[in-house]
Amino acid sequence: MKNILPSILAIIFLFLAIYFYWQKHEAESRLAIADKQVEKIDKNLEQKEAAVDSLESIVPAPDTMELVPPGGAAFVDELGSLSESDIARLQRKGLKNPESDLLNDLNRNQDKLISAKGTMGGTMAIRDSRILNDRYALAYYEDGHNGGYLLLKYTVNNGAISWTVIDNSGL
């Protein structure tokens, strides 16, 4: 019996040594397979980066590109400014300073032109207006909560201005 116990322990230790060696070998082979896959992915990534780099040499960087606005971009800045011919035409119809006369009259008559009612204690009022030409104007109105746009047509006879709402679109 005394001789059997050391033999059993030796067999158990031998079995455990073989088992751990086999586990170590299995882990190393899985690691080698994973390393090969990572290497393959790295090569694909390098090829894609090389392709992107070759395209970047063709296209200049965004900060070096000159931005060219489209032909009608200046229109937004000019919106609401009367041409010299519009001013002359309106002066012949009786307005001394056409743009300011029109804007002042529009503000005086805004209660008649804005059909929307204020909400939550607000009062609808024109906040911004543009005289587009010698016949039309555009106005933005709001009460602090709701708003909209008015497209207006105006006529001038002997200095008297009359307004007609063509379109009223609430926001």
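Above: the structure in question.
Source: prediction; values computed, not measured. (Residues numbered from 1 in each chain as written. Predicted model: local features only at pLDDT ≥ 70, side-chain atom pairs only at ≥ 80, totals over all residues. Heavy atoms only, no water.)

**Q** Is there a simple way to explain the packing of aromatic side chains in this structure?
**A** Here the distance between the centres and the angle between the planes together describe a pair of aromatic rings. Scanning the entire structure with this criterion turns up 4 aromatic pairs. Between Tyr-19 and Phe-20, the aromatic rings sit 5.6 Å apart at their centres with planes inclined by 65°, giving edge-to-face as the arrangement. Taking the relative accessible area as the measure of exposure, Tyr-19 reaches 39% and is therefore partly exposed. Seen from their ring centres, Tyr-140 and Tyr-149 are 5.2 Å apart, and the 50° between their planes marks the pair as tilted. On the accessibility criterion, Tyr-149 (37% relative accessible area) is partly exposed. Taken together, the ring pairs connect Tyr-19, Phe-20 and Trp-22 into an aromatic cluster. (Phe/Tyr/Trp six-rings, centres within 6.5 Å; stacked < 30°, edge-to-face > 60°. Buried < 20%, exposed > 50% of the residue type's maximum accessible area, 1.4 Å probe, protein only.)

**Q** Any chance you could explain the environment of Asp-143 here in plain terms?
**A** By the secondary structure assignment, Asp-143 is in the loop between β2 (136-142) and β3 (147-157). Residue Asp-143 is classed as buried on the basis of its relative accessible area of 7%. The spacing of Asp-143 and Gly-118 is 25 residues in sequence and 5.6 Å in space, taken between C-alpha atoms. With residues up to four places along the chain from it excluded, the contact list for Asp-143 reads Gly-118, Thr-119, Gly-122, Thr-123, Met-124 and Arg-127. In terms of polar contacts, Asp-143 uses its side chain to reach the backbone amide nitrogen of His-145, at 2.8 Å. (Helix = DSSP H or I, 4+ residues; strand = E, 2+ residues; numbered from the N terminus. Contact = heavy atoms within 4.5 Å. Polar contact = N/O pair within 3.5 Å; in protein donor to acceptor, adjacent residues only side chain to side chain.)

**Q** Sorry if this is basic, but what is going on with the pattern of salt bridges here?
**A** When the charged atoms of two side chains with opposite charge come close together, those side chains can pair. Applying the stated criterion across every chain yields a total of 7 salt bridges. The partner of Arg-30 in a salt bridge is Glu-26, with the nearest N and O atoms 3.8 Å apart. One end of the pair, Arg-30, and the other, Glu-26, are both in helix α1 (residues 4-56), 4 residues apart, so they sit about a helical turn from each other. Overall, the relative accessible area of 59% leaves Arg-30 in the exposed class. (Salt bridge = Lys/Arg side-chain N within 4 Å of Asp/Glu carboxyl O.)

**Q** What am I meant to see in helix α4 (residues 98-108) here?
**A** For α4, the complete set of buried residues consists of Pro-98, Leu-102, Asp-105 and Leu-106. In a view along the axis of α4, the buried residues occupy a sector of 105°, so they form one face of it. Residues of α4 that are buried sit in contact with α3 (84-92), α5 (110-113), β1 (125-131), β2, β3 and β4 (160-170). (Arc of directions from axis to C-beta.)

**Q** Is there a simple way to explain unusual backbone geometry in this structure?
**A** For residues besides glycine, phi is generally negative; the peptide bonds are generally trans as well. Phi at Asn-158 is positive, roughly 50°, even though this residue is not glycine. Note on placement: Asn-158 falls in the loop between β3 and β4.

**Q** Where do I start with the sheet that holds β1 in this structure?
**A** What links the strands of a sheet is backbone hydrogen bonding, and the strands pair in either a parallel or an antiparallel sense. What the 4 strands build is an open sheet, ordered β1-β2-β3-β4; its pairing is antiparallel. Of all strands in the sheet, those with a lone pairing partner are β1 and β4, marking the two edges. Strand-to-strand twist across the sheet, computed as the mean angle between neighbouring axes with direction ignored, equals 25°. Strands in contact with α4 are β1, β2, β3 and β4; relative to β1, the strand with the most contacts, it is inclined by about 155°. (Pairing = 2+ DSSP bridges. Axes fitted to C-alpha atoms, helices over the stretch in contact; angles between N-to-C directions.)

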